[in-house]
Amino acid sequence: MNQSVQPVVSDKQAVDSLLKTIRIPPRPSLLVDLQKELNRDDPSAKGMAKIIANDVALAASLLKLTNSSFFGLRLKARSVDHAVNLIGTTQTGILMTGIIARQAVPGSASSMAKFWDFSSKRAQALSAMVRRIPVCSPDVAHTFGLFCDIGVPILMERFPDYANTWKNANNEFDVPLTEVEDQHHITNHASIGSLMARTWGLPEQVSTAILLHHDYITLEDTATDDGVRGLIALSTLAEYAIQKYEGEERSAEWHKGGVMVCHYLGISLEDAEDWCDELQDLFNTTH
C-alpha cells in the first residue's frame with residue numbers, strides 16, 4: 001500500500017517545492033483600493049478618480065485610453081474625474097486592472113508586446129461575444145480574456161527554456177497543452193494563472209475558468225458552473241479567430257476542442273467560421 005501511495009506524495013512534494021520558487025506578483029495596493037470601491041453597493045466615480053489620480057502614470061494611461069479611437073467618444077476627457085464619468089466605473093475598473101497587470105507581470109515591454117496584444121484582442125472579443133451569448137457579465141468576460149494566459153510570463157521568468165515549451169505545446173495537435181507543460185516543468189500556465197487570479201482577488205468564475213480553459217472535456221461536465229464553461233467555450237473560439245486574423249490557418253487548440261465548443265454553444269462549425277469573420281472585422285476597427 002505504501003508503495004502505491006509514495007509516488008503521489010512525492011509528486012505533491014515536488015509541486016509544493018516548485019511553487020515556492022515561482023514568484024506570483026503580489027496584488028498591488030492600488031488594485032486593492034480600486035476593487036474595494038468597485039465592490040461597494042454604489043461605486044463612486046469620484047472615489048475611483050481619487051485613487052487613480054494618486055498614480056501619475058496610471059492617470060495618464062486612463063486619459064490616453066479614454067481619448068483613443070477604441071472608445072471613439074465625441075467628448076475628450078479633460079481630467080481623471082471626467083474620464084471616469086465618461087466611460088463609467090465598471091469600464092474604468094476593467095482598464096485599470098489591465099494596466100496594473102502590465103506593470104506588475106514580469107517581462108520587458110518589447111518582449112511582452114505580442115502577449116498583451118493577443119490578450120487584449122481576446123478580452124475585446126469575449127466582451128463582444130457575451131452580449132450575444134450571455135454566459136456572464138461583459139466585465140467578467142473581459143477580465144478573463146485579459147488574464148487567461150497570465151501564467152505564461154510568470155513561467156517564462158522562472159524557467160529559461162519555458163518559451164520553447166510554450167511554442168511546442170501550442171503546436172501539439174494530440175496531447176493536451178497543459179500536459180506538455182507538466183511533462184517539462186511539473187506545472188503549467190493554467191494552474192499558475194489561476195493561482196495569481198485568486199491572489200489578486202479576481203472573480204471566482206475567472207480563476208476557475210483560467211484553471212480549466214484547456215480542459216475541453218469540462219464543456220461536457222454539467223457539474224461545472226455554466227459561466228465557467230461558457231468562458232472556456234467562447235475564449236477557445238476567440239483565440240481561433242485571433243489566430244486566423246494573424247494568418248495562422250491551423251490551430252492545434254481548435255483541432256482539440258472546436259467540436260466540443262460548437263456543441264456547447266449550440267452552433268455549427270460553419271457558424272463558428274462566420275463568428276471568426278465578424279471578430280476579425282472587430283479587430284480591424286480597433287487596431
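About the thresholds
Residues numbered from 1 in each chain as written. Predicted model: local features only at pLDDT ≥ 70, side-chain atom pairs only at ≥ 80, totals over all residues. Heavy atoms only, no water. Helix = DSSP H or I, 4+ residues; strand = E, 2+ residues; numbered from the N terminus. Rg over C-alpha atoms; globule rule 2.2 N^0.38 Å. Areas by Shrake-Rupley, 256 points an atom, 1.4 Å probe, with all protein chains shown as cover. Lys, Arg positive; Asp, Glu negative; His and termini not counted. Charge placed at Lys NZ, Arg CZ, Asp CG, Glu CD. Core = buried A, V, L, I, M, F, W, Y, C linked by side-chain atoms within 4.5 Å. Buried < 20%, exposed > 50% of the residue type's maximum accessible area, 1.4 Å probe, protein only. Contact = heavy atoms within 4.5 Å. Salt bridge = Lys/Arg side-chain N within 4 Å of Asp/Glu carboxyl O. 1 Å grid on protein atoms, 1.4 Å probe; cavity = no way out; pocket = protein on both sides within 12 Å on 5 of 7 lines; lining within 4 Å. Points joined across faces, edges and corners; volume = space filled by probe spheres on them. Nonpolar A, V, L, I, M, F, W, Y, C, P; charged D, E, K, R; others polar. Axes fitted to C-alpha atoms, helices over the stretch in contact; angles between N-to-C directions. Parallel < 35°, antiparallel > 145°, perpendicular 65-115°, else oblique. Left-handed = near helix turned anticlockwise from the far one by under 90°.

J.: What's the story with the overall build of the protein in this structure? I'm lost.
T.: Scanning the protein from terminus to terminus reveals 16 helices and zero strands. The C-alpha radius of gyration of the protein comes to 20 Å, within 12% of the 19 Å expected for a compact globule of 287 residues. Along the longest, intermediate and shortest principal axes, the C-alpha atoms of the protein span 65 × 45 × 40 Å. Here the protein displays about 14,200 Å² of accessible surface, and carbon together with sulfur accounts for 52% of that area. Across the protein, the centroid of the 25 positively charged side chains sits 10 Å from that of the 36 negatively charged ones.

J.: Help me understand the nonpolar core in this model?
T.: Inside soluble globular proteins, nonpolar side chains tend to come together where they are buried. Within the largest apolar cluster, 84 residues are counted, with the highest numbers of intra-cluster contacts made by Ile52, Leu62, Phe147, Trp200 and Leu237. Counting residues per element, this core draws most heavily on helix 14 (residues 226–245), at ten residues. Excluding anything up to four places from it in sequence, Leu62 contacts Ile52, Val80, Ala83, Val84, Ile87, Thr92, Leu95, Met96 and Ile99.

J.: Would you mind showing me how to read the pattern of salt bridges here?
T.: Note on pairing: side chains with opposite charge can pair once their charged atoms come close. Within this structure, the stated rule accounts for nine salt bridges. We note a salt bridge from Asp149 to Arg122, for which the minimum N-O separation is 3.0 Å. Placement of Asp149 in the loop between helix 8 (138–147) and helix 9 (151–158) and of Arg122 in helix 7 (residues 109–129) is noted, with a sequence separation of 27 residues between them. Arg122 carries the same exposure label as Asp149, and that label is buried. Glu273 is paired through a salt bridge with Lys244; the nearest N and O atoms lie 3.2 Å apart. With Glu273 in helix 16 (residues 269–286) and Lys244 in helix 14, the pair connects residues that are 29 residues apart, well separated along the chain. Through salt bridges with shared partners, a single network forms among Arg122, Asp149 and Glu239.

J.: Is there a simple way to explain the environment of Ser207 in this structure?
T.: Checked against the element boundaries, Ser207 lands in helix 13 (residues 204–212). In this structure the C-alpha to C-alpha distance between Ser207 and Cys148, which are 59 residues apart in sequence, comes to 8.7 Å. If we ignore the near neighbours within four places in the chain, the residues touching Ser207 are Ser194, Ala197 and Arg198.

J.: Whenever I open this one, empty space enclosed by the protein confuses me. Can you help?
T.: To locate leftover empty space, one rolls a probe as large as a water molecule over the atoms. Using the criterion set out here, one finds one cavity of 30 Å³ or more in the structure. In this structure, the largest cavity spans a volume of roughly 50 Å³. Together, His213, His214, Tyr216, Ser235, Thr236, Glu239, Tyr240, Ser251, Glu253 and Trp254 line the largest cavity. Considered class by class, the residues forming the lining of the largest cavity number three nonpolar, five polar and two charged.

J.: Would you mind showing me how to read the packing of helix 2 (residues 29–38) against helix 3 (residues 45–53) here?
T.: Each pair of packed helices gets described by two things: the angle between the helix axes and the distance between those axes. Where helix 2 contacts helix 3, the axes come no closer than 10 Å and their chain directions differ by 175 degrees. Taken together, the axes of helix 2 and helix 3 lie roughly antiparallel to each other. Of the residues in helix 3, those in contact with Leu30, Asp33, Leu34, Glu37 and Leu38 of helix 2 are Gly47, Met48, Ile51 and Ile52. Across the contact of helix 2 with helix 3, the residue classes tally to six nonpolar, one polar and two charged.

J.: Would you mind showing me how to read the packing of helix 2 against helix 6 (residues 89–104) here?
T.: Contact geometry of helix 2 with helix 6 gives a least axis separation of 11 Å together with a crossing angle of 165 degrees. Overall, the two elements helix 2 and helix 6 adopt an arrangement that is roughly antiparallel. Crossing hand, helix 2 versus helix 6: left-handed. Of the residues in helix 6, those touching helix 2 at Leu30, Leu31, Leu34 and Leu38 are Thr89, Thr90, Gly93, Met96, Thr97 and Ile100. For the contact of helix 2 with helix 6, a count of residues per class yields six nonpolar, four polar and no charged.

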